[in-house]
Structures are given as C-alpha cells and as structure tokens.
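# Coordinates in review
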Amino acid sequence: MLAELWNLFLLFFLIQGFCPDLIACRTVPASELSLKLDESLPLLWPQPMEFRHGNETLSVDPKLEFRVVGAGSNSSILAEALERYRGIVFRHRTKSSPRPTFDLGRLTIVVSSDSEELQLGVDESYTLFVAGRNPLSIVAEATIEANTIYGAIRGLETFSQLCSFNFKTKEVQVHKAPWYINDKPRFTFRGLLIDTSRHYLPVNVIKQVIDSMSYAKLNVLHWHIIDEQAFPLEVPSYPDLWNGSYTKWERYTIEDAYDLVEYAKRRGVNIMPEIDVPGHAESWGIGYPDLWPSPICREPLDVSQEFTFSVISGILQDMHNIFPFELFHLGGDEVNTECWSSTIHVKQWLENKNMTEKDGYQYFVLRAQQIAAAQNRTPVNWEETFNIFGDKLHPQTVVHNWWGPGVCPKVVAKGLRCIMSNQGQWYLDHLDVPWEDFYISEPLEGIVDPSQQELVIGGEVCMWGETADTSDIQQTIWPRAAAAAERLWSPRAATTGGDLNAIVLPRLEYFRCLLNRRGVAAAPVTNSLARKPPIGPGSCFVQ
C-alpha cells in the first residue's frame, strides 16, 4: 500500500512538472514536454548554416538505393560510410513491408574531388536536398552534393538525423519534407581531448569516442597519450619508453595507433598526438633514467643532456610515420624548473650557458619546436609558452588556451594562431560546469578584427582522465561536448541570443536521446553533476 501511495505521489509531481530532486531536475511545462516528444520537428544537431523545410512526411524505402557519382565515386571511405549510415538509419528489424512503394527510394551523393586527404581545413561543406512527394507518384529522391568525401560524410550524418522510425507503421520516415540544407562548419578545428596517461582507455573505447564525435561533427581527436603517470605507447626508436606504462597490458602498439588513425579518418576525424615536454614527463625515465635530472628529481626532463633531445626527435619521427595530421602538440604547460637548480650538473650547465631556469624552459620548448618543424610538423603549445616568451615562439605555432579567458585576443594580435579551451567552460572533467556554459563560450570573444578572427582556428573540449576511464568517459563527455560542438560548427548568429531553455535545450535533449539510441552512454542533460544518472523512472526526452 505504501509503495502504491509513493508511486501516486511521484506521478502527481511529475504531472505538475516538478521533481523530488530540485537540484537535478527542472520544471517542465506541458507545452515544452510535447515539443520534446515530437520527432516531426527539425531537431538537428548541430544546427545547419541554412535550411528550409516543408510539411510532408515521406516513407523511406528500407532498400534505399545509394547512387554515388562524380570524381569521388570510387572512394572506399565513402562506400564504407554509406553502409555504416544504412545501419544507423535502418536500425530496427521489421518484417517485409506490405507497402508496394515508398516515397523516398534513392539517395544520390555527388562528390567533386577524388582526394581522400584529410588535413586541417579540408572542405566539409555540403548541400542536402530531400524532394517532396511527387504528384505523378514517381519515387522521390534525396541528393547530397559535396566537394570532398568528408563533406559528403557530414551530409550523411544530417540525413540520418532527418530519418526517424515510426513504430506504428514500422517504417523509417522523413518529416517536414521537402528539405533544403546548405551547410559548412564555422571553424576548421573542432576538437575533443582524451587523456590515456591518467587512465588507460582500450582501443575499442577510443573508437567508440571517435564514432560519437562524428555524430556531433567534431573533427579532431587530441590524443594526450603520455603524461607523468604513464607512458603507454610503443616507440620503436626507444623501445623501453613504454616500460613507463601502468602494466604490460595497458599499452598501445604501433599497429594499434595506425588502426586508430585509419578508423578516425574514415569518419572524417584527424588525430592530433601530444607529448608534453619538458614537464609532465616523469614516466619517460622508467625506461631511460638518464632523462631524469636525478633519481630523486624526475621532472622536468633534463635540459642539459643531448640524449633528451635525441629521444624527443626519435619519438616525433616515429609518430610522424603514424599520425599524418600536420598539427603536433608539444605541451609545455605547468613546468616547475626548481628541479634543475637543485641538481648540480643541470645547474652548472645553465650557469655555463648564462641561463636562468626561465631561460632553460624557453630553450627546451624552442628546441622541441625546431625538431618538430624540421619534420614538417606545425607545433602546438599550451598557453604558458606564449605568456612567458610569446615573441620567441616559432612563427607557425598554434597557441592552445586553457588557463582562462582573454588569451586568444592577445595571441592573434601577435599574428599567431589560437585554439580555445578555456578551462572554466570547456573542461569536461569540471563536472560542475553546466551545458549552458559550454554553449555560450565564444572562441572569438574580444576579437573584432576579421583578419585576427581568422587566426582562431577553433576550439576544443578537454576530457582529462584523472577521474574518467572506460567506466564513465562517455557520460562525462556527452552531452556537454555537443553544446560546444554546435558553437564550433553553426553560425555565430544562430547560437547567440534568445532563451536557451526554450530554443536550444529541446534540441540538445533530443540529441542526447539520439546518442543513447546509437549506443553512446550520454548522461542526462540537466543533472546537477555532469555524469549523474537519472534519479528515477522517466522518458529520455525529459531527463
């Protein structure tokens, strides 16, 4: 009897739009609830640059024909993407339909270029047209036009979001047809950092993260492979480096890394590796103790030894063979140089060079940059390097903001490029930062000169791994990362102003449910701490 009364009590409060946990839940007016549950509305994420639609509902043939034309028609990457999205669109098993014909029977993809090269700034634009029902009963057709296969893949993602399953008729439908969508990303770099030093992530889990990135149209996986705690990657030039892994099972072979790069490429995602030097590198010395200033003073790496830079060069060369992406992250943050002054031979080397500890830090970073540049890599460094000796950095340096706001305006004023990752708004391990803060964070804040705005290549949300591993990484990343993804993809005017709860939240909650349906463990959007589970029974669309 008590259980029945409690259920009635909960039902009463849910009907009234309340929740027993006032921190984790919010009021849901009846009109807003109906908006959440109406899949016929254009709930696309991220919002396209330009779109128009009608009011027809089209049935989609479960044997939808894919027709690829143009110079890119022979791409294996595109062919694989078509079959992948077929599985996403037609994910429900049904018996053969008694319907003799369907409204939408063919998707034509026109790709102008035969290049499969994936680098920073690759053309990801596309147009998508879904015709309305033909009065002559001719089967309708959808068309994606793109300059590259990667634009076509972005168009396929949008097309898949237009498709929804009708459980009553047991058929896939496109609502609000005809559709015209003209779309391209606002920023060329739309990144997500994962950290495999603080906790090891199995290869299949990293692949799951890459899949989920493609759904939100993120295009750079920043792989923070190594840090002071663990060195899990195989380096053929210096095979003892991965002795610094946590265990012999928590490692990545060269073949694993190649596999991940190829897997990501086939989803339009580049992988940017990072080796953070000279700090955050204690794990290097497990395999090669000479990299430490002394056994009791283990970082920063020993600036006085040529062996240190030989190892860095070997790592970069081996990684150059694996990771074709032009950007290479060299870290450079949080360097405490006291260890150098407390180690006799390093202190003596600095004095002989007439260097202070600060000079030694600058020397180390600039020399690492030179090694990278000699191998045709574009160096990326955390913002401390710019804050301390910005006028000495390599002219192609990309400065990665993380500490706080106002850095990118200073960087671009000096003619350097910038990536925005303000920790107060775009650090996913900060569980108390709500989705709204992720959404309103603007990479171009404080930059009005158009030529300087072009130097902000984009932004990145960071999933640092101290409190995230295989068990909770996806629900910590999503759906807050999607809020930043729309900021980085959609036009600024479309993501600025208005009531976020009325305009943005219904679409984000719908996208979270879409991620869940695709097997991504995205957490509820509005819970009090990012990865808290639902507090009780309820629809995905209101949690």
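Residues numbered from 1 in each chain as written. Predicted model: local features only at pLDDT ≥ 70, side-chain atom pairs only at ≥ 80, totals over all residues. Heavy atoms only, no water.

Time to look at the overall build of the chain. The secondary structure content of the chain amounts to 20 helices and 14 strands. Against the globule reference of 24 Å for 543 residues, the chain gives a C-alpha radius of gyration of 25 Å, in line with a compact fold. If one aligns the C-alpha atoms of the chain with their principal axes, the spans along those axes are about 85 × 65 × 50 Å. Counting contacts in the chain only where the partners sit at least 6 residues apart, residues at least 24 apart contribute 75% of the total. A total of about 22,700 Å² of accessible surface is found on the chain, and carbon and sulfur atoms cover 54% of it. Seen as two clouds, the 47 positive and the 66 negative side-chain charges of the chain have centres 8 Å apart. (Helix = DSSP H or I, 4+ residues; strand = E, 2+ residues; numbered from the N terminus. Rg over C-alpha atoms; globule rule 2.2 N^0.38 Å. Contact = heavy atoms within 4.5 Å. Areas by Shrake-Rupley, 256 points an atom, 1.4 Å probe, with all protein chains shown as cover. Lys, Arg positive; Asp, Glu negative; His and termini not counted. Charge placed at Lys NZ, Arg CZ, Asp CG, Glu CD.)

Interaxial distance between helix 8 (residues 306-322) and helix 11 (residues 357-374) falls to 10 Å at its minimum, and their mutual angle equals 35 degrees. The interaxial crossing formed by helix 8 with helix 11 has right-handed handedness. Between helix 8 and helix 11, the residues in contact are Glu306, Thr308, Phe309, Ile312, Ser313 and Leu316 and Tyr363, Phe364, Arg367, Ile371 and Ala372, respectively. (Axes fitted to C-alpha atoms, helices over the stretch in contact; angles between N-to-C directions. Left-handed = near helix turned anticlockwise from the far one by under 90°.)

A word on empty space enclosed by the protein. Per the stated rule, a full pass over the model turns up four cavities of 30 Å³ or more. Of the voids in this model, the second largest cavity is the one considered here, and its volume is about 70 Å³. Forming the walls of the second largest cavity are Ile88, Val89, Arg91, Ser160, Gln161, Cys163, Tyr510, Leu514, Arg517 and Arg518. Within the residue set of the lining of the second largest cavity, elements represented by two or more residues are helix 3 (76-89), helix 4 (149-162) and helix 20 (505-517). For the lining of the second largest cavity, the leading source of residues is helix 20, giving three residues. Residue composition of the lining of the second largest cavity, by class: five nonpolar, two polar and three charged. (1 Å grid on protein atoms, 1.4 Å probe; cavity = no way out; pocket = protein on both sides within 12 Å on 5 of 7 lines; lining within 4 Å. Points joined across faces, edges and corners; volume = space filled by probe spheres on them. Nonpolar A, V, L, I, M, F, W, Y, C, P; charged D, E, K, R; others polar.)

Next up on the list: the side chain of Asp211. With respect to the helices, strands and loops of the structure, Asp211 is situated in helix 5 (residues 203-215). Owing to a relative accessible area of 18%, Asp211 belongs among the buried residues under this scheme. A polar contact is formed between the side chain of Asp211 and the side chain of Arg267, at a distance of 2.7 Å. Once residues lying within four places of it in the same chain are set aside, the contact partners of Asp211 are Tyr263 and Arg267. (Buried < 20%, exposed > 50% of the residue type's maximum accessible area, 1.4 Å probe, protein only. Polar contact = N/O pair within 3.5 Å; in protein donor to acceptor, adjacent residues only side chain to side chain.)

One pass over the structure, following the stated rule, counts 21 aromatic pairs. Between Trp45 and Phe511 the ring centres are 6.3 Å apart and the planes differ by 25 degrees, which places this aromatic pair in the stacked class. One end of the pair, Trp45, is in the loop between helix 2 (30-37) and strand 1 (50-69); the other, Phe511, is in helix 20, and 466 residues separate them in sequence. Looking at Trp45, the relative accessible area reads 0%, which means it is buried. Exposure remark for Phe511: the relative accessible area of 1% places this residue in the buried category. Counting every residue linked through ring pairs, the aromatic cluster contains Trp382, Trp402, Trp403, Tyr427 and Trp464. The ring of Tyr263 carries Arg267 above its face, with NZ or CZ at 3.6 Å from the centroid. (Phe/Tyr/Trp six-rings, centres within 6.5 Å; stacked < 30°, edge-to-face > 60°. Lys NZ or Arg CZ within 6 Å of the ring centre and 35° of its normal.)

Glancing now at the environment of Phe231. Summarising the element assignment, Phe231 is placed in the loop between strand 8 (220-224) and helix 6 (254-265). Phe231 sits in the buried class, given a relative accessible area of 0%. Counting along the chain gives 158 residues from Phe231 to Ser73, while the straight-line C-alpha distance between them is 42 Å. In this structure Phe231 touches Ile226, Leu241, Trp242, Gly244, Ser245, Ser283, Trp284 and Ile315, once residues within four positions along its chain are discounted.

Interpretation note: all reported values are geometric properties and have no functional meaning in isolation.
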